[in-house]
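Here is what each chain is made of, one letter per residue.
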Amino acid sequence: MKKFLAFAASMIAAIMMPAEMTPPFYNGSISPAPQQINSQFVNIPVDQNSVSISIGSNPTKSAPIAMSLLQQRLENLKHSNPEKVNIILGLISDPEFKDINLDSGKIQNKPEAYIIKVDHNPGQTTNIYAAGSDNRGVFYAAMTILQLIDQENSTLNIADIVDFPVWQKRFMTDYFLPRKESFPKTFAMWKINGYAWQTAASWHDLDLNTEPVYGSFATTKEALEDFKSFYEQSGGLVDLMLAPRLYGYKDVERFDAANEEHIRQLIEYCRTAAEYHVSHIMLRVDDVLPQIEGKYQFASENEAKKFNSPGEAHGYIMRRLYDALHPDFPNLQLSFCPGPYTIDSHRAEQDPAKTYLHDLAAAMPEEVYIVWTGRDVCTPVITREDTLRYLNLINNHKLYTWHNPDLITNILACPDNLDFYPGYDQVGDSIFFANSEGTGKYRNRPSDLTYNDYLWNPNAYRGSDTYIKNMALQTGVKNTAGYKNMLQMLRDLKKCEDKQLKLKIIANIRELAAEFDDKLDQAWLHQLLEREYANASTPTTTILVPSGPLNIVPDGEFNEEIWQYHAEKFTLNNIDGNRPDEQFRTSGMIYYNRSADTVFLAIECKNPSPETAVQLPRDSRDIMKNDSILMSFIPVEERQCDIAFDSAGNRYDQYHWVLDWDPEWQLAVKNNSDGWCAEAAIPIDAFRQATMPEDDEINPGTAWYFQIVRNIPGSEQLYLSTPTRNDTRDMGRYAKLIFQ
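Residues numbered from 1 in each chain as written. Predicted model: local features only at pLDDT ≥ 70, side-chain atom pairs only at ≥ 80, totals over all residues. Heavy atoms only, no water.

**A word on the sheet that holds strand 6 (residues 125–132)**
Read across the sheet, six strands follow the order 1-9-5-6-4-3 without closing on themselves; strand pairing throughout is mixed. Because the sheet does not close on itself, it has two edges, and the strands there are strand 1 (36–37) and strand 3 (51–55). As paired elements, strand 5 (residues 114–119) and strand 9 (residues 161–163) share three bridges and run antiparallel to each other. Considered in strand 9, the bridge of Ile115 is made with Val162. (Pairing = 2+ DSSP bridges. Helix = DSSP H or I, 4+ residues; strand = E, 2+ residues; numbered from the N terminus.)

This is the structure in C-alpha cells:
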C-alpha cells in the first residue's frame, strides 16, 4: 500500500481539481439522498493534520482522484481540539475490510453502490470505512464524506450509510460542451454519471474539426480528447452520449438512407466518436421529421423506391450503424428518437404515426433503443398504462425515456409530482435522458442535481425541498426558508392575473431576492421580474367575442355576412404600440357561433405593392416569409396553438411544438389592388384535439389568451397586443379574448 500511496501522490498533482471549483457547501444534508442512514450522526472535530486517508490493496483508478478531493476539502481546517480520523477507501472486496462488519450483502450485485461504516472512538482514532462495489462506488463513498465535512466549523458530521442508485445511467444534457474546468470532474463529484451533448446541427455538420457552440475548446475533437483523457485516468467515472440530428432546420440535402455515401459518412463519424469512449449515440429526427400535410416524407425518390415507409428507412439506418459498429464496440449503445416520440401529442395510436413506429421497430435491431418522452412532450408522471400503450406501438421494442418536465433552466421547475411507476427503471435498462438544457451553466446545476436526486432515490424525493437542498449545497445559501418563500411567491406571480397584485408580489420578491444576489447568479430572475413588471404595468388588450348565428360556408368561399355582423373591430400596431402607415393597416373581427361551436375571424390586410406569395405545402415555416397572419390561441395555460395563413391561401398549424396537429378548419382568401382579406372558421374541437379537455365548453365569460402577428415582407411586423422588443412571444403581453 505504501508504494501505491507514493504513486497516488504523483497522480494527484496531475488530476487535481482547479482551485476555482467549489466543492459542495456543508448544510447537513447529502446529495443524492442516501438509501439508508443506519446510525445517528456523530460530529467529529478535525483539522488538516488530524485526518489520514488510505487506499485499499486493490486500488481503483478513481481512488486517487477521490483522495485528492478529500484532501483539498480538509486544507486549512483548524480546530483547538481535533480528533484523529482514519479514512480507509477501497473496494468492498479489499482485505482491509475483511474483518469489518459492513453488511456487504446490501450492495451485492449493485453497481455504483457504497457503504460507510463509522467506528467512533472519542478521544482516540475514529476509523471510517468507505467501501464501494466498483470504481464509481468507491468514488461516490468519498464524495459523500466530502459533503459532510463542515469547513466553517472544522468538523466531520458522519453516520453509517448504505447507498446505491435506482437508475444506473443518468444523462444530463445540453446543446454545447461544458467548459473544461467544470466537466466532467464536477459531474462525478455530484454523482452524475452521464452527459449528453445534443448537437443542434444536422448530419452535414457532424465534423470533429468544427468549433463547438459556447464551448471553451477550439474543436469538437479537442473536447473529445479531453474527455477521453479523464475517462481513462478515472476509470470511466462519467459516460458521454452524442445526440446528433439526422435532419436539420437548414434547407440542405437531407440524409438519405438509400445513399451509400451518406451511410458511410455517418458510420465513420460514429466510429470515431466511439474511439473517444463515447458510450452512447442517439440519432434524432424528433421535431424535424419531414412532413407535408401531416404525412411523413422520404428524403429522396430513391429512398421512396427502396423502402415501404420512412419508418422502415430510419430503422434501416440504425441497422447499418449497429452492424458496422457492434463488432468493434460491443458496449456502445445506440438509440433513435423518432418523430412521434409521445402518445397523445403526436397521436401515435393513429396513422401515419402508428404505421411509422411499427415499421421503425420492425426494421431496426432489437439491441437499438427507441426513445420517447411519455404521454406528452412534457410528462412529469409516467404511468404503467402509458408505457404499455407505447410499447404496443413499437412491438415491445427496447425503449428509454427522454424526459421533458418543466425542470428546464428554471427554478420553478421542481415538480412535486415528478413520478414514474415502480419498476419503470428496468423497462429501459435503467437509462434516463434528462433534458436539463443548461447543464453547462453554473446557475442551472441545482436542476441537474435535483434530477439526479430523484433518479438515485425516488422514495426520498421531495420536489421543491429537494431542489432547495441542492441549491444550498452548491451555493452556500443558508436562509433556505427565505428562498423557499421566494419560490412560492414566484409561483403566485405566475398564476396571478390581477395586475396591481402582481406589482406588489414583484416588489416583495425583489426585496427577498436581494439577500441571495451575492450567492447566486440571479440575472435570469431579474430579467423575469423586469418583464413581469412591464407586463403588469401595461393594460391588457381585451377583445369581446360576441356570439352570433353565423353560417359555415364551403371551404375557400367567402361568407359576406361576417363583414356586416356587428362586433368590436381590432387593429394591429407596430412593436412600439403605434399605428402603422395607413397603407399597411390591418384590422379584423372575431365571432363565436355557439350552435356550431366555431370561432370565426375576418381580417383585412392593406398592402399597396404585395409580392406574389409562394405556394407552399401545409405546415411549411416559410409561410412567415410571405405576407401572412399568425394567430396564437392559449385556451389552457402555457399550451399554445398557432394557426397561420397567407395571401396565397397557404396554411400552417402547430400545437406546442407539434407540427402534425392538422385540425380541420376553413379558410377563404381574396386579393385585391390594395391588399388582401381573409376569413377563417376554426371549430373549438380543433383545440380540444390539442389542449382542451374533451368536455370543456365555451361559456359566457370564458377567457383565452390571444395574439395576432402580421408578417409583411420587406417591412415591420404588426401585433394585436404590443409585445416587448426582446421577447415578441411573451405570453404576458398577449391580448385576452372574452367570450360573451
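Now that the structure is up, let's keep going.
**Examining the environment of Tyr26**
In this fold, Tyr26 is placed in the loop between helix 1 (2–15) and strand 1. Residue contacts for Tyr26: discarding those within four places in its chain leaves Arg73, Gln147, Leu148, Ile149, Asp150 and Asn157. Separated by 2.8 Å, the side chains of Tyr26 and Asn157 make a polar contact. (Contact = heavy atoms within 4.5 Å. Polar contact = N/O pair within 3.5 Å; in protein donor to acceptor, adjacent residues only side chain to side chain.)

**Description of the packing of aromatic side chains**
The tally for this structure, following the rule as stated, stands at 28 aromatic pairs. The interplanar angle of 25° and the centroid separation of 5.0 Å between the aromatic rings of Trp372 and Tyr390 together place this pair among those described as stacked. You can see Trp372 sitting in strand 17 (residues 369–372) and its partner Tyr390 sitting in helix 10 (residues 384–393), a full 18 residues away along the chain. For the residue pair Trp372 and Tyr390, the accessibility class agrees, reading buried in each case. Centre to centre, the rings of Trp402 and Phe433 are 4.5 Å apart; their planes meet at 40°, and the pair counts as tilted. Taken together, the residues span a long stretch of sequence, with Trp402 in strand 19 (residues 399–403) and Phe433 in strand 21 (residues 431–434) at a distance of 31 residues. (Phe/Tyr/Trp six-rings, centres within 6.5 Å; stacked < 30°, edge-to-face > 60°. Buried < 20%, exposed > 50% of the residue type's maximum accessible area, 1.4 Å probe, protein only.)

**Details of helix 13 (residues 480–495)**
In this model, helix 13 (16 residues) spans 23 Å end to end at C-alpha, consistent with the 22 Å of a helix rising 1.5 Å per residue. Among all positions of helix 13, only Gly482, Tyr483, Met486, Leu487, Met489, Leu490, Arg491 and Leu493 are buried. Packed against the buried residues of helix 13 are helix 12 (464–475), helix 14 (499–513) and helix 15 (523–537). (Expected span 1.5 Å × (residues − 1).)

**Quick word on the packing of helix 14 against helix 15**
In contact at an axis separation of 9 Å, helix 14 and helix 15 are set at 160° when each is read in the N-to-C sense. As far as their axial angle goes, helix 15 and helix 14 are roughly antiparallel. Handedness of the helix 14/helix 15 crossing: left-handed. Facing helix 14, whose interface residues are Lys499, Lys502, Leu503, Ile506, Ile509, Arg510 and Ala513, helix 15 presents Leu525, Leu529, Glu530, Glu532, Tyr533, Asn535, Ala536 and Ser537. Its residues assigned to classes, the contact of helix 14 with helix 15 shows eight nonpolar, two polar and five charged. (Axes fitted to C-alpha atoms, helices over the stretch in contact; angles between N-to-C directions. Parallel < 35°, antiparallel > 145°, perpendicular 65-115°, else oblique. Left-handed = near helix turned anticlockwise from the far one by under 90°. Nonpolar A, V, L, I, M, F, W, Y, C, P; charged D, E, K, R; others polar.)

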